[in-house]
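Listed below are the residues making up each chain.
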Amino acid sequence: MIPVCRADALAEGGAVRIQADVPVAVFRTGGQLYAVDDTCTHQDASLTDGYLEGCFVECPLHASTFDLRTGKPSGPPAKVALRTHGVIVQDDIIFLVPSAAT
C-alpha cells in the first residue's frame, strides 16, 4: 500500500497524482475514491489536469473520456482502457493499492 494523503485533504471533485510504478491519479467524486493510471492512453497527458464529471474524467488534450470505475474509454480518440487500482482509507489516510503491471 502506498500512502496518498489525509482523507480530508482530497476534496469532493479533487484529484491527486502520485508516483507508483507509473503515475497514478486518485479522484474523489460522488463520495467515492477511484484510482487509475494518470496518463491518457491516447497521448501523454495527465488526467489529474482533466475535467471530472461524475465517474468520468476527460483528458485535457483531446477530450478522451474514461470511466473511473472501469478505466474504459467512452469513445475515440482513446481506444485502450486505463489500469484501475484499489483505494482504501485507514486511520484517516488514503492508501493506493496498486494493481499488477500489465
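### Things to note about the overall build of the chain
Then step 1. Within the chain, the secondary structure is distributed over zero helices and nine strands.
Then step 2. Put simply, the chain runs from its N terminus to its C terminus through helices and strands in the order β-β-β-β-β-β-β-β-β.
Then step 3. On C-alpha atoms alone, the chain measures out to a radius of gyration of 13 Å, which is about the 13 Å that the 2.2 N^0.38 rule sets for 102 residues.
Then step 4. The principal-axis extent of the C-alpha atoms belonging to the chain is close to 40 × 25 × 20 Å.
Then step 5. Every one of the 102 residues in the chain was classed for burial, and the buried ones make up 42%.

### Notes on the sheet that holds strand β7 (residues 65–67)
The strands making up a sheet associate through hydrogen bonds between their backbones, and the pairing can be parallel or antiparallel.
Then step 1. Taken in spatial order, the three strands make up an open sheet running β5-β6-β7, and their pairing is antiparallel. Looking at strand neighbours, the two that pair on one side only are β5 (51–53) and β7, the edges of this open sheet. Neighbour-to-neighbour, the strand axes of the sheet open up by a mean angle of 20 degrees, direction not taken into account.

### With respect to the state of the cysteines
Then step 1. Applying the stated criterion across every chain yields a total of zero disulfides.
Then step 2. No disulfide involves Cys55; its sulfur sits 18 Å from that of Cys40, the nearest cysteine.

### So, the pattern of salt bridges
Then step 1. Taken as a whole and judged by the stated rule, the model has five salt bridges.
Then step 2. Here Arg17 makes a salt bridge to Asp38, at a shortest N to O gap of 2.5 Å. Placement of the pair is Arg17 in strand β2 (residues 15–19) and Asp38 in the loop between β4 (32–37) and β5, with a sequence separation of 21 residues.
Then step 3. Take Asp38: its relative accessible area is 0%, and that puts it in the buried class.
Then step 4. We note a salt bridge from Arg83 to Asp37, for which the minimum N-O separation is 3.3 Å. One end of the pair, Arg83, is in the loop between β7 and β8 (84–90); the other, Asp37, is in strand β4, with 46 residues separating them in the sequence.
Then step 5. Assessed through its relative accessible area of 12%, Arg83 is described here as buried.
Then step 6. By relative accessible area, which is 15% here, Asp37 ends up buried.
Then step 7. Overlapping salt bridges bring together Asp21, Asp37 and Arg83 as one network.

### Focus on the nonpolar core
Then step 1. Within the largest apolar cluster, 15 residues are counted, with the highest numbers of intra-cluster contacts made by Phe27, Leu47, Val57, Phe66 and Leu68.
Then step 2. Breaking this core down by element, the ones donating at least two residues are β3 (23–29) and β4.
Then step 3. Residues in contact with Leu47, not counting those within four places in the same chain, are Phe27, Asp37, Asp38, Thr39, Cys40, Val57, Cys59, Phe66 and Leu82.
Then step 4. Among the nonpolar cores identified, the runner-up in size contains twelve residues, and Ile18, Leu33, Ala35 and Ile94 belong to it.

About the cut-offs
Residues numbered from 1 in each chain as written. Predicted model: local features only at pLDDT ≥ 70, side-chain atom pairs only at ≥ 80, totals over all residues. Heavy atoms only, no water. Helix = DSSP H or I, 4+ residues; strand = E, 2+ residues; numbered from the N terminus. Rg over C-alpha atoms; globule rule 2.2 N^0.38 Å. Buried < 20%, exposed > 50% of the residue type's maximum accessible area, 1.4 Å probe, protein only. Pairing = 2+ DSSP bridges. Axes fitted to C-alpha atoms, helices over the stretch in contact; angles between N-to-C directions. Disulfide = S-S within 2.5 Å. Salt bridge = Lys/Arg side-chain N within 4 Å of Asp/Glu carboxyl O. Core = buried A, V, L, I, M, F, W, Y, C linked by side-chain atoms within 4.5 Å. Contact = heavy atoms within 4.5 Å.

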